[in-house]
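A structural walkthrough
In case you want the letters, here they are:
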Amino acid sequence: MASKNRPDRLQVGKNHSFWQSWLHAWNGLKTVVIEERNMRTHLALGAVALIAGWWVHLNVNEWLWLALAIFLVMLCEINNTIAENLSDMVTGPNFSPLAKKIKDIAAGAVVFAAAFAVLVGLILFAPKIWNFVVDWLG
């Protein structure tokens, strides 16, 4: 990324301000969303969960569990992307069993977090949806 003071040169030193650090972090988040299909899927499903939470009137504690589940999945996806990019940077076009192992473990963390999110979703939404169905039928 070009330096704030010299747009024609890549930044090799420390950030000069909090805002410069924040801009780099924001660019990193944009990169993950733009380049990673799975992150876009997680964002979409997270948005659906938030809308569903609003629809069923979650209480504060339920909102906290839902937010934890959503953010945990996204954090794991970001870390998975980091592991994939670092592995690819080190190995280049060559296959490496160790790089594959690293990528598989990072992907497993995403699956683990997603399973947690599904469990949280079932605990939060199943009783509320069941009550809605019972009221509608009865």
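Quick summary incoming for the structure in this document.

What counts, and at which threshold
Residues numbered from 1 in each chain as written. Predicted model: local features only at pLDDT ≥ 70, side-chain atom pairs only at ≥ 80, totals over all residues. Heavy atoms only, no water. Core = buried A, V, L, I, M, F, W, Y, C linked by side-chain atoms within 4.5 Å. Buried < 20%, exposed > 50% of the residue type's maximum accessible area, 1.4 Å probe, protein only. Helix = DSSP H or I, 4+ residues; strand = E, 2+ residues; numbered from the N terminus. Contact = heavy atoms within 4.5 Å. Salt bridge = Lys/Arg side-chain N within 4 Å of Asp/Glu carboxyl O. Patch = residues over 30% accessible without salt bridge, like charges linked within 9 Å, V, L, I, M, F, W, Y side chains within 5 Å. Areas by Shrake-Rupley, 256 points an atom, 1.4 Å probe, with all protein chains shown as cover.

Ranked by size, the top nonpolar core spans 12 residues in total: Val-32, Met-39, Ala-49, Val-56, Leu-58, Leu-66, Ala-69, Ile-70, Met-74, Val-120, Leu-124 and Phe-125. Every element with two or more residues in this core is listed here: α2 (37-55), α3 (60-91) and α4 (97-137). Here this core takes 4 residues from α3, the largest share from any one element. In contact with Ala-69, other than residues within four places in its own chain, are Phe-116, Ala-117 and Val-120.

In total, this model carries 3 salt bridges according to the counting rule given. In this structure, Glu-62 and Lys-128 form a salt bridge, with 3.5 Å as the shortest nitrogen-oxygen distance. Separated by 66 residues along the polypeptide, Glu-62 in helix α3 and Lys-128 in helix α4 bring together distant segments of the chain. A relative accessible area of 24% places Lys-128 in the partly exposed class. Asp-88 is the salt-bridge partner of Lys-103, the closest N and O atoms lying 2.5 Å from each other. Separated by 15 residues along the polypeptide, Lys-103 in helix α4 and Asp-88 in helix α3 bring together distant segments of the chain. Overall, the relative accessible area of 37% leaves Asp-88 in the partly exposed class.

A cluster of nonpolar side chains, namely Leu-50, Ile-51, Trp-54, Trp-55, Trp-63, Ile-129, Phe-132, Val-133, Trp-136 and Leu-137, defines an oily patch on the protein surface of about 1,200 Å² accessible area. Those elements that provide at least two residues to the nonpolar patch are α2 and α4. If one sorts the elements of the nonpolar patch by residue count, α4 sits on top with 5 residues. With respect to the helices, strands and loops of the structure, Trp-55 is situated in helix α2. Residue classification places Trp-55 among the partly exposed positions, given a relative accessible area of 46%.

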